[in-house]
Each structure stands twice: as structure tokens, then as C-alpha cells.
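An overview of the molecular structure
Take a look at the letters that make up each chain.
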Amino acid sequence: MNAYVFPGQGAQFVGMGLDLYEKYPIAKELFLKANEILGFEITEVMFRGTAEGLKETKVTQPAIFLHSVILSKVMGDTFKPDMVAGHSLGEFSALVANNTLSFEDGLKLVSQRALAMQKACELKPSTMAAVLGLEDTVVEKVCAEISGIVVAANYNCPGQLVISGEISAVEEACEKLKEAGARRALMLPVGGAFHSPLMEPAREELAAAIENTTFSTPSCPIYQNVPTTAINSAEEIKKNLMLQLTAPVKWTQSVQQMVKDGATVFTEIGPGKVLQGLVRKIEPSVTTQAPALIA
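Residues numbered from 1 in each chain as written. Predicted model: local features only at pLDDT ≥ 70, side-chain atom pairs only at ≥ 80, totals over all residues. Heavy atoms only, no water.

The name an unreviewed UniProt entry gives the chain is Malonyl CoA-acyl carrier protein transacylase, with Maribacter ulvicola as the organism. As stated in UniProt under Sequence similarities (unreviewed entry), the record for the chain gives "Belongs to the fabD family." Reading the Catalytic activity (unreviewed entry) entry of the UniProt record for the chain gives the comment "holo-[ACP] + malonyl-CoA = malonyl-[ACP] + CoA". (UniProt positions renumbered as here; feature names shortened; annotations may be inferred.)

See below:
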């Protein structure tokens, strides 16, 4: 069975999508439509901007979404997913790919999500850190013992977990995790504590936008970050999506469940190869690949 997976923030690069824009009429049409919807020339930043400009939250999230979704569109009839999943932001790309959300609604939600997250980051200084070489349960236990807010945020693959929270709490957790035997506990250059309770103001804002958006019955199941099992109901997808910003990304568990349910080939749709690497670490028996585009 074919699983299609969609990356999240961090996969962006200058020039992303330009080849699609120049080669495929459908891509050009959707990129120009995106400029209209967003109210600024995101194509300029993506194709010819700077790495710094592309890092702005209001740009990064829509840029990755656009690259992923447009890539799935130019694949035409060769895009035949039996199941989909997305890492954090990538969940929105997956929901357009399996026809739960329209392109326009997906882009509007991603843009609102980015702005809401930016606002939440400005309310309270916060950060994230990557922890390598420890069991998930050890990381969870250490985080639970810290007095400030720090939680497990991204279960990326066995032995690689990202924690998220208040700066002082994350720093303290990093020290304790190193003492507990972590190979590395490294602060990440991010602007906030994504997938932690500190994103509650953003969650509320995004939940209101999701509530007012039409969700259709998906053409194939999605394995959401919350709750990591196959979901086929539009209402359930909507409810789970509202929880995503303050809940952890259980990528390891999602991929394991997809494999249990029959996935043998994982195709990463979007910039970069990060998810291919994570999938191989989670389940070495499966095939991972980038999409083959029609000429």
C-alpha cells in the first residue's frame, strides 16, 4: 500500500517550487492564486527571496504547504494514496491531498495558523530542544520533574524527541537529560514552544477558523498527529486538527500504525527528504522515495 507523507516547518529552501511554476500550467495557476489569497507575492519570496525572508513564519508555513500541495497536483493520475499523514504543518497539506480541504481553504487555514503561532510566540519567550539517544519514557519523566512548563513535543523517531516549553525549563531539562545519558540535548533556533501548552492562545484562534471551514469526507484515511490512527470522518478530522497545536506530534507512532495497516512504500511530497530519513529509522523494512513527476 502507498503512503504519502508531507513535511513540516524547516524543510524550506530558496528557489523551492520555481521548477514546478515554470514547467506545469496547473502549478503556475495555483501559485498565482496563492498570491491573491495571501495578499502578497509569496512566489517572489519562494523563488527569488533570501533564506532570512523565507524563515518568516507568515511565509514559511504557506510556502511549504504550497510546495507540497502543488507537487501532489502536478503528479496527476500517478498520485494515488492509500493513506496520508503530515508532520505538524504537513497535516494541512495531507488534508488537501486527500480532498478533505479545498486548496483555498487549506491555504487560508495555514496562513491563519502561522500568524496565530507568531502571536503566541510573542506573548511569552519560549523555545524547543532536540534530545538524541534516550528512550521516550526517560525524556517524559525528566520533563515531568521540572517545575516550569516543558513537554515532549515531537516524537520524530526512536531516540530522537523534541521538547518544548519555557526557556528556563527547557534549559534545565537539557542539563538533566544529559545527566540521564542523552547523546545530545540541543537548543533549536525556533521562535517559540510549538506543540506545548504555551500555544493555547494560537490553538483557540485556529480552532475558531477551523470551525468555520468546510471539511469533506476524505478520499483515503489520514493518520493525524493526534490520535495517530486511521481517520475517515470529516468531523473527527476537524476535532483532531483543533488539538494539534498544543498536543505532541506523534510521528513515530503514526508511521508504526501505517505500517501495521499495510503501508509498504512511503513517498515524501514536499521540499527535502527529512521524513524519508525518519520513516527509515522507524521502520527499516519499508521503501521510501521522492515522487516521480510526469514529463
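After presenting the structure, the write-up continues.
1. Some words on the UniProt feature "domain: Malonyl-CoA:ACP transacylase (MAT)" (unreviewed entry) in the chain
Taken from the UniProt record, the annotation "domain: Malonyl-CoA:ACP transacylase (MAT)" (unreviewed entry) applies to residues 5–293. Taken end to end, residues 5–293 is 49% helix and 15% strand, and its two terminal C-alpha atoms sit 16 Å from one another. (Helix = DSSP H or I, 4+ residues; strand = E, 2+ residues; numbered from the N terminus.)

2. Section: the pattern of salt bridges
Evaluation of the coordinates by the stated rule reveals nine salt bridges. With its nearest N and O atoms 3.0 Å apart, the salt bridge here joins E200 to R203. A residue pair is termed a helical-turn pair when its members lie 3 or 4 positions apart in one helix, as E200 and R203 do in helix α10 (residues 200–211) at three residues. In this structure E200 comes out as partly exposed when scored by relative accessible area, which is 28%. (Salt bridge = Lys/Arg side-chain N within 4 Å of Asp/Glu carboxyl O. Buried < 20%, exposed > 50% of the residue type's maximum accessible area, 1.4 Å probe, protein only.)

3. Digging into the UniProt feature "active site" (unreviewed entry) in the chain
The feature "active site" (unreviewed entry), as annotated in UniProt, sits at S88 and H195 in this numbering. Judged by maximum C-alpha separation, these annotated positions cover 108 residues in sequence but sit close together in space, the widest gap being only 8.7 Å. Along the chain, S88 falls in the loop between β2 (83–86) and α6 (90–97). Not counting chain neighbours up to four residues away, the residues in contact with S88 comprise R113, H195, N225, Q244 and V249. Within the secondary structure layout, H195 lies in the loop between β6 (184–187) and α10. For H195, a relative accessible area of 3% puts it in the buried group. Setting aside residues up to four positions removed in sequence, H195 forms contacts with S88, R113, V151, A153, N154, Q244, L245, T246, A247, P248 and V249. For H195, the side chain forms a polar contact with the side chain of S88, separated by 2.7 Å. (Contact = heavy atoms within 4.5 Å. Polar contact = N/O pair within 3.5 Å; in protein donor to acceptor, adjacent residues only side chain to side chain.)

4. A look at the sheet that holds strand β4 (residues 150–157)
Strand order in the open sheet formed by four strands is β4-β5-β3-β6, and the pairing between neighbours is antiparallel. Across the chains shown, the open sheet's two edge strands, defined by having one partner strand only, are β4 and β6. Averaged over all adjacent pairs, the angle separating strand axes in this sheet is 25°, with direction ignored. Judged from the four bridges that link them, strand β3 (residues 126–132) and β6 form a sheet pairing that is antiparallel. Following the sheet pairing, L132 is matched in β6 by R184. Of the strands in this sheet, β3, β4 and β5 (160–166) touch helix α8 (residues 136–145), which is tilted by about 165° from β4. Across the face of the sheet, helix α9 (residues 167–179) comes into contact with β3, β4, β5 and β6 while running at roughly 145° to β5. (Pairing = 2+ DSSP bridges. Axes fitted to C-alpha atoms, helices over the stretch in contact; angles between N-to-C directions.)

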